[in-house]
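Structural overview
Each chain is listed here by its residues.
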2 protein chains.
Amino acid sequence: MDLQVRKLYEALFALEELRELYRQALPTGFDDTEEQQRSTTLARLETLLRELQTGSGNPIQQVCAGIELRTREEEFININPIQAGGRLTLDARKALITYGDGYSVCDRCLEGRLDKIKKPPIEAFHADLAAFVGMDEVRLVPGARRGFQAVTSSLIERGDVVLVSDLAHYTEFLAVEIAGGVIKEVPTGTNHLVTGEAVAETIERTKEETGRLPKLIMIELVDYSYGNVHDVEGVGKVAKAYGIPFLCNGAYAVGMMPVNGKEIGADFLVGSGHKGMAAVAPSGIIATTADWAPIVFRSSRVMGDLTSRCFETKEPELMGCTLMGGTVVCLMASFPAVKERVQHWSDEVAKSNHFVREFMRIAGNLVLSEYPRKHTLTRVDTRASFDRIAKTDKRKGYFLTDELKERKIIGTFEGSTRVWKLNTYGLSWKRVKYLSEAFAEIATKYELPIR
Amino acid sequence: MDLQVRKLYEALFALEELRELYRQALPTGFDDTEEQQRSTTLARLETLLRELQTGSGNPIQQVCAGIELRTREEEFININPIQAGGRLTLDARKALITYGDGYSVCDRCLEGRLDKIKKPPIEAFHADLAAFVGMDEVRLVPGARRGFQAVTSSLIERGDVVLVSDLAHYTEFLAVEIAGGVIKEVPTGTNHLVTGEAVAETIERTKEETGRLPKLIMIELVDYSYGNVHDVEGVGKVAKAYGIPFLCNGAYAVGMMPVNGKEIGADFLVGSGHKGMAAVAPSGIIATTADWAPIVFRSSRVMGDLTSRCFETKEPELMGCTLMGGTVVCLMASFPAVKERVQHWSDEVAKSNHFVREFMRIAGNLVLSEYPRKHTLTRVDTRASFDRIAKTDKRKGYFLTDELKERKIIGTFEGSTRVWKLNTYGLSWKRVKYLSEAFAEIATKYELPIR
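Criteria and cut-off values
Sequence order sets the numbering: in each chain, residues are counted from 1 along the sequence as written. Each chain is given a letter, starting from A, and each ligand a number, starting from 1, according to the order in which they appear as written. Residue-level local features of this predicted model are given only where pLDDT is at least 70; pairs of side-chain atoms are given and counted only at 80 or more, and the full residue set underlies all totals for whole chains, interfaces and linings. Values shown for side chains rest on all heavy atoms present in the structure; no hydrogens or waters enter the calculation. Each residue is assigned to one of three classes by its accessible area relative to the maximum for its type, calculated with a 1.4 Å probe on protein chains only: buried under 20%, partly exposed between the two thresholds, exposed over 50%. Secondary structure is summarised from DSSP: a helix means a run of H or I of at least four residues, a strand means a run of E of at least two, and numbering begins at the N terminus for each. DSSP bridges decide pairing: two strands pair if at least two such bridges lie between them. Each axis is a line fitted through C-alpha atoms, and for a helix only the stretch in contact is used; angles between axes span 0 to 180 degrees, taken between their N-to-C directions. The criterion used for residue contact is that any of the two residues' heavy atoms lie within 4.5 Å.

Here we take up the pairing of strand β6 (residues 182-186) of chain B. All names here are of chain B. With 4 of its 5 residues buried, β6 lies for the most part within the structure. Here strand β5 (residues 161-165) runs beside β6; their pairing, made up of 5 bridges, is parallel. Across the sheet, residue Val 161 finds its bridge partner in β6, namely Val 182.

Residue and element names in this part refer to chain A. If you trace the 7 strands from one edge of the open sheet to the other, you get β4-β10-β9-β8-β7-β5-β6, paired in mixed fashion. Whereas interior strands pair on both sides, the edge strands pair on one side only; in this sheet they are β4 (137-141) and β6 (182-186). Strand-to-strand twist of the sheet, defined as the mean angle between neighbouring strand axes without regard to direction, takes the value 20°. Direction of pairing for strand β9 (residues 268-272) relative to strand β10 (residues 284-288): antiparallel, over a ladder of 5 bridges. Along β10, the bridge assignment pairs Leu 269 with Ala 287.

All right, on to the environment of Leu 400 of chain A then. Residue and element names in this part refer to chain A. With respect to the secondary-structure elements, Leu 400 resides in helix α16 (residues 398-406). Accessibility expressed as a relative area gives 2% for Leu 400, which makes it buried. A C-alpha to C-alpha distance of 9.3 Å links Leu 400 and Phe 439, two positions 39 residues apart in sequence. Sequence-distant contacts of Leu 400, that is, excluding residues within four places in its chain, are made with Phe 386, Ser 416, Thr 417, Trp 420, Phe 439 and Ile 442.

Residue and element names in this part refer to chain B. Reading across from one edge, β11-β12-β14 is the order of the 3 strands in this open sheet, with antiparallel pairing throughout. Strands at the two margins of the open sheet, each flanked by one partner only, are β11 (366-367) and β14 (419-423). Examined bridge by bridge, strand β12 (residues 377-381) and β14 share 5 bridges and lie antiparallel to one another. For Asp 381, the partnering residue across the bridge sits in β14 and is Val 419.

Below is the structure:
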């Protein structure tokens, strides 16, 4: 398979070389030299196709000088915890090939606004996206983090308190910091679950300690440490009761599982393109309600003192246009598949539980995430199993990495045999079963009992 | 040519379909159904190659449902003013195919820092990039605008004055607005050129009007309206004399022409990936000196009150990691070509002047940019030539768009025959001559005298 995959890349690259000829030639046609180069490349493509067919020839190693080929998704089963939802769909890859050039979607920009472009249908995509996440308005941002920043920058003054959970992602911390805010953490307790009750208690504690209510509540639907699904509806109710705006961090959720911002009771819903919507990084979305849109998506008002120039069509919290090329086009091309896949979330959860159940049959293996699993990102503890082997193996924890790699499984933190994470999202049943069996095989090989 | 280009895309897409098979299959090999699909796709590729060879078959129109094919760079000469420097290089396109998936460069992230990743060599790239722009430290950002924002957010308090030119890009305005700053504009006068002298006068005016010095000077090396090359070295000297930090906006310059931040006397140099460094949007760089790096690239200090979590390795002005996939990999893959191409800037300017000279031979045509040209982005005035035709032609200004498109030239603002912009950057001499002749041909056809 490896050789085939590398030949496949080589053929893609040869086609790009052919494409480059068209980009350099006169649009009226090739001259003799170009015609010659075209013939040579076409002949090479024929050879490559044959090699691809028969599995012969030498495998390439690099994309270009200094950049090695990446074949993790083609040659391996990749269980990396953060990469699963950002894997490009087939249509996204096609769109990226087509729209890779810098400002590629701006060919027919008439209003100087990314979200008003009609060809490609970016304007319509914004409307569809808002409906998809159950909110009134949506904008694209270079990563979920820039969505958090837009909200904190709009709402938080120096010294204001923002509530986050004790499982909050670092980007939530930075978004508070950049706005001059202060963090109060909502404890999730021993089961690592955010509840509306704990949020209410932290609001009360904040009131006692500072004499004021928090200015913003920022809670993740799914956290990055345990992949637990938190009671954001409960948080939404508490937020509403106290009249505090609520930003729901939907990374690891939007684009993977059904998420409806208004049903959650969120004032802001943020999603990540490269974490959950099968798009190129950095990409993401911020969605909000008709009430908050005029605040976070307000128009620019600053004015030049000499020219009186004022860019009223631009939205300062977004810094104007955001994803003007391959990033937006991937979000759009993946969107039909994304809409479809969230409908099959229960199957993803079933596969996650199948894996975890099998994994826990290996004596000593523990799952630190909530169980039964409600998500595909899982934190496991193998200190009483694989780490015991690592203690005496000369490769230390790398024995597990090696054994997995030998079985074409990749994406664990290399060398780690203590507490680590994996993600089964998007793997077929066939692959999930293979994955489960691979761990059992390794356990057997190292004489770990299987229950 | 058109059919060939579309067949080329179709072949690329078919290879992606084949690639998808490997992504779904077990890593141990294909089953019968998959093997069958593989054969079918390979057979289709053979047909496509034949069609590509002979120029037969039906041309495809779409990438996928709703997204049309983009063939502007292959079927046309594209003179769009903002797209020229962001066109991907061949190596960038190969790298993008390989590294399109979301978090693709994070496979071997050990420190949780994009700029410390060694494979692919992102850390080394940062060092090379800093040397390339003549500064001490550099970080990647999702567009030049996010570089401006990092600086204003670090330096500007509410009510502080920031100097920009009366040609400043809107993103400079937004960066000031978001930090709560006030804009004072430096007049560029009738020749649309920023001088150190005008900056000094505006500083004095600010001092008189507000009693304080500006907190930041933000001036573009090349402006987006005229493509004029401004005296940023002169600005650097004035900035230094007054002790005011100077951000040089290097969009349309970094990656296209030689730019050295320290020689300019800039404290911050910002560049755009999709405008000047042949990369996917949104991408860009912010470079600074050893003096300013600890301020703008300072570590996070905000802390969780319950967990005492503090993400000290993260840089809040960047919101942590920035370009974690296809964006950074394009910057890297294009970098050798970018380093090379800035060495040939004088040739780019020569081609620009050749075009402009020929263009001005058409009676009535004017160039509003400085002349002789020092850049490839040019603002022209055709009110006394093409616009006269437009007044009586039933297609109005679209007659020019049509005539150009017929000659396979694209990228002007459609329907515009008054004041408009174009960019010859990256076009070969052959293409530049063809372009010049095309305009002359159109003039002749419509009986506009040629001098």
